[in-house]
Amino acid sequence: MNKVDLNRRAQIGRERRARTRAQLVEAARVLLTSRSTASVTVEDVTRRAGTSKGAFYSHFSRLEDLWNAVAAELAQVFDEVARANRPAIVDPVEGIAAGCAAFIGEAQRNPPWGALIAHGLWAFPAVARVARERLTADLRRGQSQDRLACFSEEVGFDLVVGVVVQAMRSASEARLSPGDVPDVVQGILRALGVNAQDAEYAARRAHEAAAATGDAGSASTRNPI
């Protein structure tokens, strides 16, 4: 009789479980590029993943737990994109521009990821929280330097993120060219009260930096859809 390697058997079981979980999360990401969380069922997820409902419930007790797993991945990549595109930026206007250009550019390089963010940002509080923390700091500093108009943080956040999310949706649908990105970013800055010269300069710098970072590798492609 061959001796059973219990450690190896346990390892194979863990690897199988990890693959199944990854299949379920990937299926959820794909579905949420075009549908809301409220419209997706367990059957939709398991059919897309090629697994059973039993496999689903061995990993997640409910759909909300799966959405949380998707949100955690998105928040991590969202933060990585932001960090990669502004490692040494101290100017608040350039910081806002860099973030806008980075996410629109990422959506152009990885359209499914852009579509998922565009459809799911407001549905996933963890992702929106990452965006809010980074943007709010720049808005505060810009206003304290009299570089931005006087408005509430909520208005500033909604203005910037609303335009960026719409641009990401357009980019993911190939309706926005790379050459359009500086115009979008400049429009956002002007709406925030930045003067024309500073807005044009910051938008151009942000576009060049985002393009250079994209050439070095896309953060979102580490979690392809």
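Below, the structure is looked at part by part.

Conventions used here
- Per chain, the residues get numbers from 1 upward, laid out in the order the sequence is written.
- At least 70 in pLDDT is required for a residue's local features to be given in this predicted model, at least 80 for side-chain atom pairs to be given and counted, and no such filter applies to totals for whole chains, interfaces and linings, which use all residues.
- Hydrogens and water molecules were not included; the side-chain quantities draw on all heavy atoms of the structure.
- Segments assigned H or I by DSSP are reported as helices when at least four residues long, segments assigned E as strands when at least two residues long, and all are numbered from the N terminus.
- Note on exposure labels: buried denotes an accessible area under 20% of the residue type's maximum, exposed denotes more than 50%, and partly exposed covers the range between, all computed with a 1.4 Å probe on protein chains only.
- Contact definition: two residues touch when any of their heavy atoms are within 4.5 Å.
- All accessible-area figures derive from a Shrake-Rupley calculation using a 1.4 Å probe, and residue coverage is judged against the displayed protein chains alone.
- Contacts described as polar in this section are N or O atom pairs within 3.5 Å, which, within protein, must combine one atom able to donate a hydrogen with one able to accept it, while residues neighboring in sequence count only if both atoms come from side chains.
- For every element, the axis is a line fit to its C-alpha atoms; helices are fit only across the contacting stretch, and the angle between N-to-C directions ranges from 0 to 180 degrees.
- Helix crossings get a hand from a simple test, with the near helix turned counterclockwise from the far one by less than a right angle marking a left-handed crossing and a clockwise turn marking a right-handed one.
- Any residue that is not Ala, Val, Leu, Ile, Met, Phe, Trp, Tyr, Cys, Pro, Asp, Glu, Lys or Arg is counted as polar, Gly included; the first ten are nonpolar and the last four charged.

## With respect to the overall build of the protein chain
From N to C terminus, the protein chain includes ten helices and zero strands. Element order for the protein chain, N to C, with α for helix and β for strand: α-α-α-α-α-α-α-α-α-α. In the protein chain, which comprises 225 residues, the share counted as buried stands at 45%. Across the protein chain, every contact between residues at least 6 apart in sequence was considered, and the portion connecting residues at least 24 apart equals 70%. Accessible area for the protein chain stands at about 11,500 Å²; split by element, carbon and sulfur atoms hold 51% of it.

## Some remarks on the side chain of His59
Among the secondary structure elements, His59 is positioned in helix H3 (residues 53–59). Among the polar contacts listed, one links the side chain of His59 to the backbone oxygen of Arg17, at a separation of 3.4 Å. Not counting residues within four places of it along the chain, the set of residues in contact with His59 comprises Arg17, Thr20, Arg21 and Leu24.

## Structural notes on helix H2 (residues 42–49)
Within the span of H2, buried status applies to Val42, Asp44, Val45, Thr46 and Ala49. Trailing H2 by a residue or two, Gly50 shows a phi angle of about 75 degrees, which is positive.

## Examining the side chain of Thr20
Relative to the assigned elements, Thr20 resides in helix H1 (residues 6–31). What makes Thr20 buried here is its relative accessible area of 16%. Contacts of Thr20, omitting those with residues within four sequence positions, involve Thr51, Ala55 and His59.

## Observations concerning the packing of helix H7 (residues 125–144) against helix H8 (residues 153–172)
Axis separation between H7 and H8 bottoms out at 10 Å; the angle between their running directions is 115 degrees. Relative to H8, the crossing made by H7 is right-handed. Contacts between H7 and H8 involve Ala128, Ala131, Arg132, Leu135, Thr136, Leu139 and Arg140 on the former and, on the latter, Glu153, Glu154, Gly156, Phe157, Val160 and Val161. Class assignment for the residues of the contact of H7 with H8 results in seven nonpolar, two polar and four charged.

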